[in-house]
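Residue-level listing of the chains:
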4 protein chains.
Amino acid sequence: MLNFESDYTTGAHPEILKRLMETNMESQTGYGFDDYCISAAEKIKKECADEKAQVEFLTGGTQTNQVVIATMTMNGDGIIAAQTGHINGHEAGAIETVGRKVFGLEHKNGKISASQVRAFTDNYYADANHEHMVRPAMVYISHPTEYGTLYTLDELEDLSAVCREKNLKLFLDGARLGYGLMSLQTDVTIKDIARLTDVFYIGGTKVGALCGEAVVFTHNNKPERFLARKKQLGALLAKGRLLGVQFDTLFTDGLYYRIAKNAIDRAEELKTLLKNKGYTFFMDSPTNQQFVAVDNKKYEELKKKVRVGFWETIDENHTAIRFATSWSTTKEDIEALEAIL
Amino acid sequence: MLNFESDYTTGAHPEILKRLMETNMESQTGYGFDDYCISAAEKIKKECADEKAQVEFLTGGTQTNQVVIATMTMNGDGIIAAQTGHINGHEAGAIETVGRKVFGLEHKNGKISASQVRAFTDNYYADANHEHMVRPAMVYISHPTEYGTLYTLDELEDLSAVCREKNLKLFLDGARLGYGLMSLQTDVTIKDIARLTDVFYIGGTKVGALCGEAVVFTHNNKPERFLARKKQLGALLAKGRLLGVQFDTLFTDGLYYRIAKNAIDRAEELKTLLKNKGYTFFMDSPTNQQFVAVDNKKYEELKKKVRVGFWETIDENHTAIRFATSWSTTKEDIEALEAIL
Amino acid sequence: MLNFESDYTTGAHPEILKRLMETNMESQTGYGFDDYCISAAEKIKKECADEKAQVEFLTGGTQTNQVVIATMTMNGDGIIAAQTGHINGHEAGAIETVGRKVFGLEHKNGKISASQVRAFTDNYYADANHEHMVRPAMVYISHPTEYGTLYTLDELEDLSAVCREKNLKLFLDGARLGYGLMSLQTDVTIKDIARLTDVFYIGGTKVGALCGEAVVFTHNNKPERFLARKKQLGALLAKGRLLGVQFDTLFTDGLYYRIAKNAIDRAEELKTLLKNKGYTFFMDSPTNQQFVAVDNKKYEELKKKVRVGFWETIDENHTAIRFATSWSTTKEDIEALEAIL
Amino acid sequence: MLNFESDYTTGAHPEILKRLMETNMESQTGYGFDDYCISAAEKIKKECADEKAQVEFLTGGTQTNQVVIATMTMNGDGIIAAQTGHINGHEAGAIETVGRKVFGLEHKNGKISASQVRAFTDNYYADANHEHMVRPAMVYISHPTEYGTLYTLDELEDLSAVCREKNLKLFLDGARLGYGLMSLQTDVTIKDIARLTDVFYIGGTKVGALCGEAVVFTHNNKPERFLARKKQLGALLAKGRLLGVQFDTLFTDGLYYRIAKNAIDRAEELKTLLKNKGYTFFMDSPTNQQFVAVDNKKYEELKKKVRVGFWETIDENHTAIRFATSWSTTKEDIEALEAIL
């Protein structure tokens with residue numbers, strides 16, 4: 001069945017599988033010390049224009065959030081995030097499992113602002129009893145957000161400035177980073193992100209890899225004994241080459257950007273299509289996820305012909321649903337969808 | 001200086017010290033197996049009219065919240081509480097340290113309602129992705145709340161019913177329970193609490209003891225291997241007699257109630273006094289904590305003559321402050337305060 | 001350079017890569033609900049002849065040990081293992097990170113016995129203060145062990161019996177299970193293991209997969225809410241198909257056994273070779289890892305021509321080294337080694 | 001019944017109760033900021049002759065070990081201790097609960113040596129795979145040990161030197177420190193301990209207090225945000241005065257030493273008595289705990305007349321038992337015991 005349910009329903013970009021095949025019989029060192037992890041890290045550092053950056057590869061998004069937060073903050077610390085942030089609502093307690101609290105702030109289209117962060121932190125320090133309270137130690141944002149929206153460069157600059165002022169780490173979850181970078185409506189580059197955050201990651205799982213996220217500790221921020229701590233959290237892959245080869249391929253000849261661009265192009269077509277068909281947008285998204293509000297009858301009809309994501313119940317008779325394009329969505333898929341909508 | 005800052009500024013009720021003195025040279029078994037822990041537990045069970053209840057003694061409030069939550073829920077579980085609940089804001093991450101998430105719901109005078117709990121839980125189970133989310137496993141309320149307010153019997157019955165229906169444990173934090181039970185405006189008894197909750201505790205630290213909270217696991221709810229788990233969390237006192245003697249004394253001849261009653265009587269006098277002096281109440285509290293809004297000049301003046309609790313900043317020019325009475329507040333203290341206000 | 005350093009230096013068996021390629025563009029559900037995970041689980045259940053078994057896929061060995069132990073025992077519990085057990089010495093604290101203690105018993109060629117387990121457990125329960133001690137709750141064994149040795153069926157039967165008697169879970173780490181099952185000197189089948197343990201896993205990473213371990217919860221033992229708990233520990237893979245396809249392939253037409261057999265055949269040739277060349281065996285191993293003691297000069301010479309594993313320092317002048325064969329070791333590799341030794 | 005079972009069977013030294021009584025109605029700040037905590041800390045710093053020392057008060061021994069280890073080492077770190085160390089065998093997993101591993105080294109009368117520590121640590125760093133292993137980060141010793149034995153000054157100097165060389169924290173558990181300092185056979189002073197360790201504690205619970213341990217972070221070693229982290233672990237007492245008054249009293253006019261001296265004097269009398277009666281010593285102890293081996297018939301007889309501590313089963317017919325004296329043991333107790341032995 002036609003499938004627009006999520007951006008991780010197919011396998012890997014063929015170029016990646018090809019490279020896995022080609023390098024398969026090579027004998028490589030384990031645990032991330034293989035030639036491909038090293039090469040991929042170098043390529044990513046170049047992309048970031050941050051010579052002091054350190055790149056580490058992990059397997060999935062929740063794992064990455066857990067490992068980054070556990071190693072860059074102290075037990076009992078608090079992480080400021082949007083109420084809708086992935087770590088707040090959709091990681092089954094992975095952050096609390098490592099002893100951190102998530103402060104879920106009111107969001108605006110999935111985003112939080114520098115002034116919210118400032119107010120929250122000021123409020124903490126102004127409280128005479130703040131030593132008895134959870135200390136805000138990090139700001140977690142995602143880009144694109146859960147709603148597909150993007151921070152502007154100005155917004156990121158402001159968040160970065162307030163974080164430095166208030167001694168907060170700035171962590172950007174880029175599970176769908178490619179789609180953000182290739183959006184037609186963004187002024188943010190990967191170099192900006194590397195410059196403005198303390199740590200971020202480049203999502204592979206949702207952008208063409210079988211699995212894998214590349215964590216970039218900017219400005220020499222990698223926590224000490226990172227390998228051991230990764231292992232303590234069950235996150236050290238024996239055949240690190242699996243991650244290395246994938247990211248090395250993704251960052252050769254701009255493959256990562258090209259395949260993300262495909263998703264954006266298809267999403268733009270999809271957007272036009274939805275508009276033309278008279279659908280009501282639940283949210284204006286500049287990336288690969290498109291949200292529309294449909295009445296439940298329509299929803300039931302659609303479900304028979306195409307897989308889409310349930311997003312939320314709007315009211316008794318309406319539901320918000322999500323269409324996601326990806327590196328593997330084709331023009332034919334869009335045409336097939338047109339016939340259905 | 002005159003001190004209305006909190007209800008734990010003095011030592012223990014003299015009767016307690018007397019009993020500690022009298023029993024001091026007795027040779028007693030450690031770890032809660034002494035005669036006094038056993039006797040106190042029996043007396044408390046009788047008060048609760050719950051033959052299957054099990055009583056355990058711990059040292060302080062945050063410790064008790066941590067131990068109860070860690071032993072009655074699973075790692076990664078979520079605890080529903082008021083946004084203002086002590087576990088949400090004032091325990092420095094003790095709940096997250098044991099791997100649980102606190103869901104801070106909007107409060108009404110420090111309280112949450114059965115319908116909020118129902119809506120929150122229904123929402124969780126209705127979400128198609130709820131297996132990826134933190135499961136609500138417990139409802140935490142305090143009685144009196146952080147604002148000195150009280151649940152009515154009807155409200156407690158409703159909370160209890162929704163908890164049973166939704167498979168949630170109901171935990172009542174009674175750090176100031178005595179003041180709640182002796183309020184002139186309550187219809188809730190300790191027997192009601194024992195009947196309606198899965199676990200609650202009777203606060204000693206804030207009601208006349210040097211330290212100590214008596215946890216009541218109602219209806220045979222005590223978690224297996226509780227002694228070992230208490231010890232794992234650093235909460236097992238070697239000379240358990242220190243807790244046993246105090247609670248045995250507090251529950252002999254109704255001492256716990258009598259000394260709580262004193263705080264209530266003084267609070268009523270204080271309330272009248274504040275009204276007569278024209279103070280604006282920030283919150284209507286039926287227990288031993290009284291909150292008024294003052295302008296900052298007045299606040300500065302007051303601070304020179306009496307210690308009061310800072311509660312929160314209302315606006316640039318106004319502050320909410322707290323006056324707390326306790327078992328040790330005297331009529332003379334109230335008269336002295338009258339001269340100052 | 002010729003490489004006998006470990007059994008995970010090459011990629012995946014070509015048959016696996018082929019299947020990944022063939023299934024790549026299929027649209028599949030995430031998180032282990034894809035067709036391949038379902039199919040692989042069925043095939044493994046059949047191998048085990050345990051209809052009530054439940055099969056779950058995880059990414060790596062340490063992660064699997066952590067997830068299994070965290071979900072099948074309680075916080076503060078103790079795990080009985082050989083002093084040399086992987087969880088005791090080589091997981092950087094992953095077991096302690098989830099709050100469990102490892103009891104490292106004296107080993108005999110990497111193994112522990114039922115009588116040791118009995119004595120240890122009896123000793124615990126005999127101690128009048130055992131409630132203040134860590135409770136033994138699980139026995140962890142590996143098969144093959146860290147030294148490549150194997151339990152006999154009788155030994156496993158005895159371990160299983162003592163575990164049932166003493167209320168201990170029996171967990172078998174099968175990171176190299178294939179090599180154990182195909183050893184020429186074993187009387188243990190996978191059906192025996194399924195019958196005798198409470199949980200075990202079938203290693204993929206070291207037996208031909210890119211990554212992945214198949215956990216078998218025997219006799220309906222899967223812990224409740226396993227998906228959420230896996231996620232809490234950062235161990236839930238979005239594209240579960242990556243694991244599903246690999247194990248489905250490994251358990252089609254006996255591929256898992258066939259490729260393990262290759263490692264055993266090459267190891268037997270290697271053994272003969274080492275004997276003929278006059279090497280002293282450090283340990284008699286019936287599986288794919290062969291350990292010899294060499295003087296340090298020889299070691300230095302060898303290192304120039306072939307990569308081998310450092311095992312341990314025997315004395316000032318001698319070192320124990322490991323040669324590992326795998327599914328990808330060829331007769332040509334053995335011949336090339338012959339020229340070097 | 002006559003009771004030599006442990007050193008914490010009676011309440012507090014009367015001088016302490018008297019001071020609690022005298023200060024009871026004073027209004028004091030909570031959480032360790034009261035006058036008595038401040039004064040006690042000053043007195044202890046003077047005793048230690050360490051101006052940069054920081055003193056913190058906690059409630060009990062296991063709690064103290066947990067808080068110190070959790071705040072002075074990193075998650076996943078390892079603590080070197082004697083196999084018989086309290087943290088290894090008798091804290092129900094409190095150390096693992098905060099994610100640390102205990103390395104239990106072979107002991108000699110409850111002690112470990114600098115050369116053992118050196119060998120263990122060298123072995124760790126020599127292992128090519130040590131990043132995959134638990135890092136030794138701290139040495140934990142107790143003084144007196146579980147067997148009542150004492151380190152000599154030379155032994156402590158050596159341990160301290162190896163710890164500094166190997167980047168290990170040295171932590172001395174002084175749950176019974178008073179009895180060690182007042183032993184007739186020691187050359188170690190509290191100043192030596194302050195000079196040589198990174199952190200140690202002065203036990204109150206077992207030396208005359210109702211509860212309480214005074215942690216001394218030597219040389220400005222107190223971990224940052226200690227108050228919050230104490231609270232996260234449920235270890236912050238609201239009425240800190242309870243601890244402050246007790247330690248202030250114990251460190252006024254040498255009360256701590258005087259009452260410890262009583263225990264030592266009685267232990268010496270007890271020792272003579274046991275020798276004269278022909279008892280076989282299981283262990284030669286220079287402090288307040290005396291261990292003898294008795295045949296089981298004798299043990300049964302004794303138990304009818306005096307409470308003693310079970311120590312361990314020696315063989316089928318013999319048991320090691322412990323007699324403990326304390327600050328409250330009288331000459332009359334010894335005489336009464338003489339009639340029984």
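Residues numbered from 1 in each chain as written. Chains lettered and ligands numbered in written order. Predicted model: local features only at pLDDT ≥ 70, side-chain atom pairs only at ≥ 80, totals over all residues. Heavy atoms only, no water.

Now for the overall build of chain A. Counting its secondary structure elements, chain A contains 14 helices and 13 strands. Dimensions of chain A, computed from the C-alpha atoms along their principal axes, are close to 60 × 55 × 35 Å. Counting across all 341 residues of chain A, residues that qualify as buried make up 66%. Taking the average location of the 40 positive side-chain charges in chain A and that of its 47 negative ones, the two points are 3 Å from each other. (Helix = DSSP H or I, 4+ residues; strand = E, 2+ residues; numbered from the N terminus. Buried < 20%, exposed > 50% of the residue type's maximum accessible area, 1.4 Å probe, protein only. Lys, Arg positive; Asp, Glu negative; His and termini not counted. Charge placed at Lys NZ, Arg CZ, Asp CG, Glu CD.)

Below, the discussion takes up the interface of chain D and chain B. With 43 residues of chain D at the contact, the number on the chain B side is 43 residues. Summing the contributions of chain D and of chain B, the shared interface buries around 3,800 Å²; its carbon and sulfur component is 58%. Linking chain D with chain B are 28 residue pairs in polar contact (both at pLDDT 80 or more). Listed by contribution, the elements that provide at least two residues to the side of chain D that touches chain B are α1 (14-23), α3 (61-72), α5 (94-97), α10 (226-232) and α11 (241-250) of chain D. Class assignment of the residues belonging to the side of chain D that touches chain B gives a composition of 18 nonpolar, 19 polar and six charged. (Contact = heavy atoms within 4.5 Å. Buried area = accessible area lost by both parts, 1.4 Å probe. Polar contact = N/O pair within 3.5 Å; in protein donor to acceptor, adjacent residues only side chain to side chain. Nonpolar A, V, L, I, M, F, W, Y, C, P; charged D, E, K, R; others polar.)

With that out of the way, let us pick up the sheet that holds strand β12 (residues 309-315) of chain A. Residues and elements named next belong to chain A. Spatially, the four strands line up as an open sheet ordered β9-β10-β13-β12, and their pairing is antiparallel. Looking along the sheet, the strands with just one partner apiece sit at the ends: β9 (280-283) and β12. Adjacent strand axes in the sheet meet at a mean angle of 35° when their direction is disregarded. Pairing geometry for β9 and strand β10 (residues 289-295), over three bridges, is antiparallel. Within β10, the residue paired with threonine 280 across the bridge is alanine 293. Of the strands in this sheet, β10, β12 and β13 (318-324) touch helix α13 (residues 296-305), which is tilted by about 120° from β10. (Pairing = 2+ DSSP bridges. Axes fitted to C-alpha atoms, helices over the stretch in contact; angles between N-to-C directions.)

Residue and element names in this part refer to chain A. Under the domain assignment, chain A is made up of domain 1 (2-7 + 256-340) and domain 2 (15-253). When each unit is reduced to the centre of its C-alpha atoms, the spacing between domain 1 and domain 2 is 27 Å. Each partner contributes to the interface: domain 1 provides 25 residues, whereas domain 2 provides 30 residues. A salt bridge links aspartate 7 to arginine 176, with the nearest nitrogen and oxygen atoms 2.6 Å apart. Those elements that place two or more of their residues in the side of domain 1 that touches domain 2 are α12 (255-276), β9, β10 and β12. Of all the elements, α12 adds the most residues to the side of domain 1 that touches domain 2, at 10 residues. Of the residues contributing to the side of domain 1 that touches domain 2, the split by class is 12 nonpolar, five polar and eight charged. (Domains from an automatic or database assignment. Salt bridge = Lys/Arg side-chain N within 4 Å of Asp/Glu carboxyl O.)

Let us look at the packing of aromatic side chains. Scanning all chains against the criterion turns up 56 aromatic pairs over all chains. Between phenylalanine 171 of chain A and tyrosine 201 of chain A the ring centres are 6.2 Å apart and the planes differ by 40°, which places this aromatic pair in the tilted class. Of this pair, phenylalanine 171 of chain A sits in strand β6 (residues 169-173) while tyrosine 201 of chain A sits in strand β7 (residues 199-203); the two residues are 30 residues apart in sequence, bridging distant segments of the chain. We classify phenylalanine 171 of chain A as buried; its relative accessible area is 0%. We classify tyrosine 201 of chain A as buried; its relative accessible area is 1%. For the pair tyrosine 124 of chain B and tyrosine 125 of chain B, a centre-to-centre distance of 4.7 Å together with 80° between the ring planes defines the contact as edge-to-face. Its relative accessible area of 5% is what places tyrosine 124 of chain B among the buried residues. Look at tyrosine 125 of chain B and you get partly exposed, because its relative accessible area is 41%. What links up through ring pairs into an aromatic cluster is the set Tyr140, Phe171 and Tyr201 of chain A. A cation sits over an aromatic face here: lysine 111 of chain D above tyrosine 151 of chain D, 5.4 Å from the ring centre. (Phe/Tyr/Trp six-rings, centres within 6.5 Å; stacked < 30°, edge-to-face > 60°. Lys NZ or Arg CZ within 6 Å of the ring centre and 35° of its normal.)

Okay, the relation of the copies chain D and chain B next. Expressed as a screw operation, the relation of chain D to chain B combines 0.0 Å of axial shift with a rotation of 180°, fitting to an RMSD of 0.0 Å. Read as a symmetry element, the transformation amounts to a two-fold axis. Taken as a fraction of all interface residues of chain D, those also at the interface in chain B reach 100%, which identifies the copy contact as same-surface. (Least-squares fit on C-alpha atoms with pLDDT ≥ 70 in both.)

Before going further, it helps to spend a moment on the interface of chain A and chain C. Taken together, the 44 residues of chain A in the interface contact 43 residues of chain C. Taking both sides of the interface into account, the surface hidden between chain A and chain C amounts to around 3,800 Å²; carbon and sulfur atoms contribute 58%. The interface formed by chain A and chain C includes 28 residue pairs in polar contact (both at pLDDT 80 or more). Looking at the side of chain A that touches chain C, the elements with two or more residues in it are α1 (14-23), α3 (61-72), α5 (94-97), α10 (226-232) and α11 (241-250) of chain A.

For the pair of chain copies, the relating operation is a rotation around an axis with a shift along it. Relative to chain C, chain A is turned by 180° and slid 0.0 Å along the rotation axis, the superposed coordinates differing by an RMSD of 0.0 Å. Residue by residue, 98% of the interface of chain A is reproduced at the interface of chain C, so both copies engage with the same surface.

Next up on the list: the side chain of threonine 121 of chain B. All names here are of chain B. By the element assignment, threonine 121 lies in helix α6 (residues 114-126). Of the polar contacts made by the side chain of threonine 121, one reaches the backbone oxygen of valine 117; its length is 2.7 Å. Other than its neighbours up to four places away in sequence, threonine 121 contacts Ile80, Pro136, Lys166 and Leu168.

This part covers helix α14 (residues 331-340) of chain A. Residues and elements named next belong to chain A. Along α14, the residues that are buried comprise Ile334, Leu337 and Ile340. Seen from one end, α14 has its buried residues packed into an arc of 110°, which puts them on one side. Projecting away from the buried face of α14 at angles above 90 degrees are the exposed residues Glu332 and Ala339. Considering only its buried residues, α14 is in contact with β1 (2-3), α12, α13, β11 (306-307) and β13. (Arc of directions from axis to C-beta.)

What follows covers the pairing of strand β12 (residues 309-315) of chain C. Residue and element names in this part refer to chain C. Two elements, β12 and strand β13 (residues 318-324), share five bridges in a ladder whose sense is antiparallel. Residue pairing across strands places glutamate 312 opposite alanine 320, the latter belonging to β13. Counted between consecutive antiparallel strands, the loop separating β12 from β13 contains two residues.

Residues and elements named next belong to chain D. Topologically, asparagine 65 is positioned in helix α3. Classification of asparagine 65 as buried rests on a relative accessible area of 0%. If we skip the residues at most four places from it in the chain, asparagine 65 touches His86, Ile87, Glu91, Ile95, Tyr140, Phe171, Asp173 and Tyr201.

A word on the sheet that holds strand β13 (residues 318-324) of chain D. Residue and element names in this part refer to chain D. Within the open sheet, the four strands sit side by side as β9-β10-β13-β12. Their pairing is antiparallel. Strand pairing shows two members of the sheet lacking a second neighbour, β9 (280-283) and β12 (309-315), which therefore form its edges. In this sheet, neighbouring strand axes are inclined to one another by 35° on average, regardless of whether the strands run parallel or antiparallel. Most of the contacts of helix α13 (residues 296-305) go to strand β10 (residues 289-295), to which it runs at about 120°, and overall it touches β10, β12 and β13.

Residues and elements named next belong to chain A. Contact geometry for helix α2 (residues 35-48) and α11: axes closest at 7 Å, N-to-C directions at 35°. Note that α2 runs across α11; the crossing there is left-handed. Only Gly244, Val245, Phe247 and Asp248 of α11 make contact with α2, whose side of the interface consists of Tyr36, Cys37, Ser39, Ala40, Lys43 and Ile44. Grouping the amino acids of the contact of α2 with α11 by side-chain chemistry returns six nonpolar, two polar and two charged. (Left-handed = near helix turned anticlockwise from the far one by under 90°.)

Okay, the confidence of the model for chain A next. The pLDDT averaged across chain A works out to 97; a share of 100% of its residues lies at or above 70. Prediction confidence for the complex, expressed as pTM and ipTM, is 0.97 and 0.96 respectively. (pLDDT = per-residue confidence, 0-100.)

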